[in-house]
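Listed below are the residues making up each chain.
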Amino acid sequence: MRSDEFYMHRALDQAREGLAAGEVPVGAVVVDADGEIVGRGFNAPVSGHDPSAHAEVRALRDAGARLGNYRLDGCTLYVTLEPCLMCTGAIIHARLARVVYGAAEPRSGMVESKANLFAQPWYNHRVEVEGGVLASRATRLLQAFFAERRGD
Ligand SMILES: [Zn+2]
């Protein structure tokens with residue numbers, strides 16, 4: 001198993017692919033218990049006409065298809081931005097062991113910013129969480145995207 005930073009760099013690579021595709025640059029990878037990357041995804045709702053095509057959901061789908069299982073027991077998701085309402089739900093459904101994210105999302109983050117959905121007593125499944133890994137890199141990518149859109 002490599003460091004959290006190593007895998008977050010791979011998630012940042014995905015975010016850059018999103019940026020190149022004109023999407024809000026958020027990237028994610030799923031890593032299995034042996035440390036192998038088994039799923040990748042970048043944010044792509046615009047190009048896919050798909051409101052659910054967040055980086056996390058696309059990485060979970062990729063991992064599920066590769067592993068042949070909708071439950072990703074023992075896996076860790078690395079994502080460059082704090083997950084939203086939908087993605088925290090998908091993470092719980094996937095039975096992930098752990099989530100590591102980069103930058104906090106003050107407007108819609110559901111892990112620390114607006115709420116911590118993983119800490120709710122009505123879920124049986126517990127997800128370990130760590131935030132702030134390579135956060136400044138994730139933030140810089142997002143700032144580059146929005147500055148370009150504003151024409152700065
Ligand atoms: Zn999301």
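For the structure itself, consult the block above.
Now for a description of the structure that goes with this document. (Residues numbered from 1 in each chain as written. Predicted model: local features only at pLDDT ≥ 70, side-chain atom pairs only at ≥ 80, totals over all residues. Heavy atoms only, no water.)

## Here's the deal with the coordination of the zinc ion
Looking at the metal site, the zinc ion is ligated by His-54 (ND1), Cys-84 (SG) and Cys-87 (SG), spaced 2.1 to 2.3 Å from it. All donor residues of the zinc ion come from one chain, and their arrangement in sequence is H-x29-C-x2-C. A residue pair is termed long-range when its members are at least 10 positions apart, and His-54 in the loop between helix 2 (45-48) and helix 3 (55-67) and Cys-84 in the loop between strand 3 (76-81) and helix 4 (85-93) qualify at 30 residues. Overall, the relative accessible area of 23% leaves His-54 in the partly exposed class. Classification of Cys-84 by relative accessible area gives buried; the value is 15%. (Donors = N, O, S within 2.8 Å, 3.2 Å for Na, K, Ca; no water. Helix = DSSP H or I, 4+ residues; strand = E, 2+ residues; numbered from the N terminus. Buried < 20%, exposed > 50% of the residue type's maximum accessible area, 1.4 Å probe, protein only.)

## As for the pairing of strand 2 (residues 37-42)
Summarising burial for strand 2: five of the six residues are buried, a large majority. Turn length for the strand 1 (residues 27-31)-strand 2 hairpin, with the two strands adjacent in sequence and antiparallel, is five residues, and the turn residue Gly-35 shows positive phi of about 90°. (Pairing = 2+ DSSP bridges.)

## Concerning the packing of aromatic side chains
A ring pair, where both rings are aromatic, is described by two values, the distance of the centres and the angle of the planes. All told, the structure shown has four aromatic pairs when counted by the stated rule. Relative to Tyr-7, the ring of Phe-6 has its centre 5.1 Å away and its plane inclined at 85°; by these criteria the two rings are edge-to-face. You can call Tyr-7 buried: its relative accessible area is 2%. In this structure an aromatic cluster arises from ring pairing among Phe-6, Tyr-7 and Tyr-78. Across the ring face of Phe-6, the terminal group of Arg-2 is positioned such that the distance to the ring centre comes to 4.3 Å. (Phe/Tyr/Trp six-rings, centres within 6.5 Å; stacked < 30°, edge-to-face > 60°. Lys NZ or Arg CZ within 6 Å of the ring centre and 35° of its normal.)

## Quick look at the nonpolar core
Residues Met-8, Val-30, Leu-60, Leu-77, Tyr-78, Ile-91 and Leu-96 are the most contacted members of the largest nonpolar core, which totals 38 residues. Contributing elements (two or more residues each) for this core: helix 1 (4-20), strand 1, strand 2, helix 3, strand 3, helix 4, strand 4 (98-103) and helix 5 (135-150). Of the residues forming this core, the biggest block, five residues, is contributed by helix 1. Contact partners of Leu-60, with chain neighbours within four places excluded, come to Val-30, Leu-72, Leu-77, Ala-90, Ile-91, Ala-94 and Leu-96. (Core = buried A, V, L, I, M, F, W, Y, C linked by side-chain atoms within 4.5 Å. Contact = heavy atoms within 4.5 Å.)

## Let's talk about unusual backbone geometry
Peptide bonds are, in most cases, trans, and in most cases residues other than glycine have a negative phi. For Arg-95, which is not a glycine, the phi torsion comes out positive at approximately 60°. Relative to the helices and strands, Arg-95 resides in the loop between helix 4 and strand 4. With a relative accessible area of 25%, Arg-95 lands in the partly exposed category. Its identity as a non-glycine residue notwithstanding, Leu-134 has a phi of 55°, on the positive side. Take Leu-134: it is sitting in the loop between strand 5 (128-130) and helix 5.

Taken by themselves, the reported measurements are silent on function.
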